[in-house]
Amino acid sequence: RGRGRGPPGAPRATNEAGERVSSGLQVVVHNLPWTYTWHSLKDLFKDAGNVQRADVIYGDDSRSKGFGTVCFTTKEEAEAAIERFHETEVEGRKISVRIDQYA
């Protein structure tokens, strides 16, 4: 993976079978308003804890795909975000928040 661009990332957690498992630090948010940016997503979720990073996913046409991710410092903060925001309404859209199984 790359050459000399800084230290490698933290090792991924695995189960007994050697399969990757979620870190539990990142949540995925579905059904975001189309106008949402990483900044508005971070501002929304900062009440749940210390947000390390927030991203909104965009398509090839530079338009939002309507979902994003938010990474927290602790698993407890990620769980608090799910409890606080899952199935709440944001700008007229009911959002879905769950642990990101791929992070």
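In what follows, the accompanying structure is described.

Parameters and conventions
- Each chain has its residues counted from 1, following the order in which its sequence is written.
- Only residues with pLDDT of at least 70 get local features here, since the model is predicted, and only at 80 or more are side-chain atom pairs given and counted; chain-wide, interface and lining totals rely on the full set of residues.
- Only hydrogens and water are removed before side-chain values are computed, so all heavy atoms of the structure are retained for them.
- Here the term buried applies to any residue with accessible area under 20% of the maximum for its type, exposed to any over 50%, and partly exposed to those in between, with areas from a 1.4 Å probe on protein chains only.
- Secondary structure elements follow DSSP: runs of H or I no shorter than four residues count as helices, runs of E no shorter than two count as strands, and numbering proceeds from the N terminus.
- What makes two strands pair is DSSP finding at least two bridges between them.
- Throughout, the arc means the angular range of directions from the helix axis out to the C-beta atoms.
- Any two residues whose heavy atoms approach within 4.5 Å at even a single point are treated as in contact.
- The definition of a polar contact used here is a pair of N or O atoms within 3.5 Å, where within protein one atom must be able to donate a hydrogen and the other to accept one, and adjacent residues in sequence count solely through side-chain atom pairs.
- Fitted lines through C-alpha atoms serve as axes, helices being fitted only where they are in contact, and the angles separating the N-to-C directions of these axes extend from 0 to 180 degrees.

1. Remarks on the pairing of strand S3 (residues 64–72)
- In terms of burial, S3 is largely enclosed, as 7 of its 9 residues are buried.
- Taken together, the 5 bridges between strand S1 (residues 26–30) and S3 define a ladder with antiparallel strand orientation. Among the inter-strand pairings, His 30 is bridged to a residue of S3, identified as Phe 67.
- Pairing analysis gives 6 bridges linking strand S2 (residues 51–58) to S3, with the strands arranged antiparallel. Each residue of the ladder has a partner; that of Val 51, found in S3, is Phe 72.
- The hairpin formed by S2 and S3 contains 5 residues between the paired strands, and Ser 62 there has a positive phi angle of roughly 65°.

2. A short note on helix H1 (residues 38–45)
- All of the buried residues in H1 are Leu 41, Leu 44 and Phe 45. End-on, the buried residues of H1 take up no more than an arc of 85°, which puts them together on one face.
- Taken together, the buried residues of H1 touch S1, S2, S3, helix H2 (75–85), strand S4 (89–90) and strand S6 (96–99).

3. A few points about the environment of Ser 64
- Mapping Ser 64 onto the fold places it in strand S3.
- By relative accessible area, which is 10% here, Ser 64 ends up buried.
- Put simply, Ser 64 and Thr 35 are 29 residues apart on the chain and 7.6 Å apart in space, counted from C-alpha to C-alpha.
- In this structure, Ser 64 is in contact with Trp 34, Val 56, Ile 57 and Tyr 58, ignoring residues within four places of it in sequence.
- Looking at Ser 64, its side chain comes within polar contact range of the main-chain nitrogen of Gly 66, at 2.9 Å.

4. Considering the sheet that holds S3
- The strand order S2-S3-S1-S6 describes an open sheet built from 4 strands, whose pairing is antiparallel. At either end of the open sheet lies a strand with only one pairing partner, and these are S2 and S6. Taken pair by pair, the neighbouring strands of this sheet meet at an average axis angle of 20°, ignoring direction.
- Sitting on the sheet, H1 touches S1, S2, S3 and S6, and the angle it makes with S2 is about 135°.
- Along the sheet face, H2 touches S1, S3 and S6 and points at about 155° away from the line of S6.

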